[in-house]
Amino acid sequence: MAVASHEEMVNAIRMLAADAVQKAKSGHPGMPMGMANAATVLWTRFLKFDPSKPDWEDRDRFILSAGHGSMLLYSLLFLSGYEAITIEEIKRFRQLGSNTPGHPEYDVAHGIETTTGPLAQGLGNAVGMALAERLRNARWGDDIVDHYTYCIVGDGCLMEGLSHEAISFAGFLKLSKLIVLWDDNRISIDGATTLSTKDNQLARFEACGWDAQVVDGDDPEAVAAAISRARLSDKPSLIDCRTTIGKGAPTKAGTAATHGAPLGDDEVAGTRRALGWSYPPFVVPPHIVAAWRKAGTRSVAQRRAWEARFAALSDERKAEYRRTSTGGLATNWQAPLNEFKRRLASEQPTWATRKASGEALEILTANFPEMIGGSADLTESVFTKTRLTEDVCPGDFSGRYIHYGVREHVMASVMNGIALHGGFIPYGGTFLVFADYMRGGMRMSALMKQRVIYVLTHDSIGVGEDGPTHHPSETLASLRVMPNMLVFRPADAVETFECWVIAITEYDMPSCLVLSRQAVPAVRVEHESVNLCARGAYILHEADGGERQVSLFATGSEVHVAVEARNILQSQGIPTAVISMPCWELFENQPERYRKEVLGPAWPQCVRVAVEAAISPGWDRYIGENGVFVGLKGFGLSAPADVLFKHFGIVADNVVAQTKAALARLPGAARRRDARFSIDVVG
């Protein structure tokens, strides 16, 4: 059998990309064709991986941040021998149920380390993975954790604002095992990048503490030399690979025409002639496949040596490594947590729920050493740092607390990377209103089913004088509509702790803990061994003195308002229930019988009232068209918190008045002469 040349191995990628996009009638052929040479150098000479053991813990991580060029990754996985990416899957590119979706999707197939497509998210994930490698190395040593993170970015990735947060953060921490290859083809969808930017990217990276080199991306020896130099640096590294988008296409190479559309039959045929590729679509000759498969076995000896070193660990250390790698929790973890919850019910603290979260974290971080915390420059406000979480610093990764600075978006993206890497449970805090700054990363947490925990404080007009810029009146509703995202808004210290426990134990969902700035009274004053919040909603107080006539639904700091209103209504002989609804998503997953029991009778047998210091979208599913919503109708105002709650009528007296007004509208209510239905509506 002939021995394949480097150029033949490169051209296999180019033609697979061109043919797959042409067959799918959609896709992005230009990027894979342009970066094929540099990627081949990386995968055949440097990347530490073993397709026969794709989940080997100490493999290098490869992230294609420019996810639109997904056929580059799929070609590399197929050619090097990953079982899940066959030539049949390449033919099914972008088709329903294939292992080769339009953009790389985590967990579809081994070798896809993260979901990419939203530009620069992959770069942020790569920073998180590189950080996780250093964090784990500090705990296990070079014999067990010692690998690189490689990331390919495009021009678009570097235009996104997230990229600056990522490179600034990585440069500060001196993440020297992070190497980024930039596909510098100078083309975007609209045309030449000079239409919108002339940034000096090398100077930008260097200013952020990176090493930066520029090479001809089609010169394999130059690329190899640059990667070798980068691996010796004590800084993260950028390698600017000057490439030609659509390399090999006879008339479209170097133009935007190759960026996001099939080349066309004639152009594909011309590419075959230009590259000297005489084989039919999706046919890679045996000698080229053999060369790639040989490259895929290059790290087998390293993997076996690692397995021997791991086997030499004590049984206890091996078990702990495996547990944290898979995300499992230590045995008997419930006992100290239950005791803490019992104490909260007994002592009934009137903490702000952000303070309650901080107290919960003291217990949780003591029992789960894999928890890695942080905040976006709001540590003292969001209470995410505990006595046991020392700072992570450049050169010292033994700590457990990350100062992200004012970089919310990269905080989310980095936490995704940490979670994807394995070994840790990341959580990070900021104000709820700033969730909008990191929504792209939060959405990726949900899409990839990653256990990432967002601590989002200052959750309402309770922020007070800072005014509507800092009042997240619409943010809660917008987070609740995100699929696969648990949004918790606990009412007091007990509920806050229960929500934290759920967030820790939900392995395949991110969580948002939405927490108050202001102190709230305890509403859970009797210990319950069961986690009531785990059902999403529950009856805090059932109606007394007859069938339920009123159901008051509330979350967070408004639950105690509902309780106060119930006390007034009950004193007037109106049987009223209070339902706490800390997590709608979990409630929707409960059996129908339970949901009906909690919701109780509907109009016209019962009045349903929702109380929440936010806008109303979503509540209609619970209170119905005849229900009453006591909350906001728009943005907040600047004033002390207690003044704002009164101004907007989110107080017990107004809840009572609005409820009685609704009772008076019940069919037949006009014929009643019962004093219970006298009305005095406020606001």
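For the structure, check the block above.
Procedures and definitions
Residues numbered from 1 in each chain as written. Predicted model: local features only at pLDDT ≥ 70, side-chain atom pairs only at ≥ 80, totals over all residues. Heavy atoms only, no water. Buried < 20%, exposed > 50% of the residue type's maximum accessible area, 1.4 Å probe, protein only. Helix = DSSP H or I, 4+ residues; strand = E, 2+ residues; numbered from the N terminus. Pairing = 2+ DSSP bridges. Right-handed = clockwise from strand over helix to strand, strands pointing away. Contact = heavy atoms within 4.5 Å. Core = buried A, V, L, I, M, F, W, Y, C linked by side-chain atoms within 4.5 Å. Axes fitted to C-alpha atoms, helices over the stretch in contact; angles between N-to-C directions.

Student: With reference to specific residues and values, describe the pairing of strand 15 (residues 550-554).
Tutor: Side chains on a regular strand alternate between the two faces of the sheet. Of all the five residues making up strand 15, five are buried; the element is thus mostly covered by neighbouring parts of the structure. Here strand 15 shows a buried face lined by Val550, Leu552 and Ala554 and a second buried face lined by Ser551 and Phe553. Where strand 15 lies against strand 16 (residues 576-580), five bridges are found, and the strand directions are parallel. Looking at the pairing, Ser551 lines up with Ala577 of strand 16. Read as a crossover between parallel neighbours, the route from strand 15 over helix 21 (residues 559-571) to strand 16 is right-handed.

Student: Provide a residue-level description of the environment of Ala534, including the pertinent values.
Tutor: Looking at the secondary structure, you find Ala534 in the loop between strand 13 (511-514) and strand 14 (538-541). Dropping the residues within four chain positions of it, Ala534 is found in contact with Ile502, Leu586 and Gln590.

Student: Go over the nonpolar core, please, and point to the residues and values.
Tutor: Membership of the largest hydrophobic core comes to 82 residues, with the highest contact counts inside it found for Leu364, Met371, Trp500, Leu552 and Met581. With nine residues, the single largest contributor to this core is helix 20 (residues 493-505). Within the second largest apolar cluster, 66 residues are counted, among which are Ala20, Leu47, Leu72 and Val289.

Student: I'd like to hear about the sheet that holds strand 9 (residues 401-403), residue by residue, with values.
Tutor: Pairing within the open sheet is parallel, and its six strands lie in the order 9-8-10-11-13-12. Lying at the two open borders of the sheet, with one neighbouring strand each, are strand 9 and strand 12 (486-488). Adjacent strand axes in the sheet meet at a mean angle of 20° when their direction is disregarded. Of the strand pairs in this sheet, strand 12 and strand 13 are connected by three bridges, and their pairing is parallel. Following the sheet pairing, Phe488 is matched in strand 13 by Leu513. Contacts from helix 15 (residues 353-367) reach strand 8 (371-375), strand 10 (425-431) and strand 11 (453-457) within the one sheet, and its direction differs from that of strand 8 by about 150°. Along the sheet face, helix 20 touches strand 8, strand 10, strand 11, strand 12 and strand 13 and points at about 165° away from the line of strand 13.

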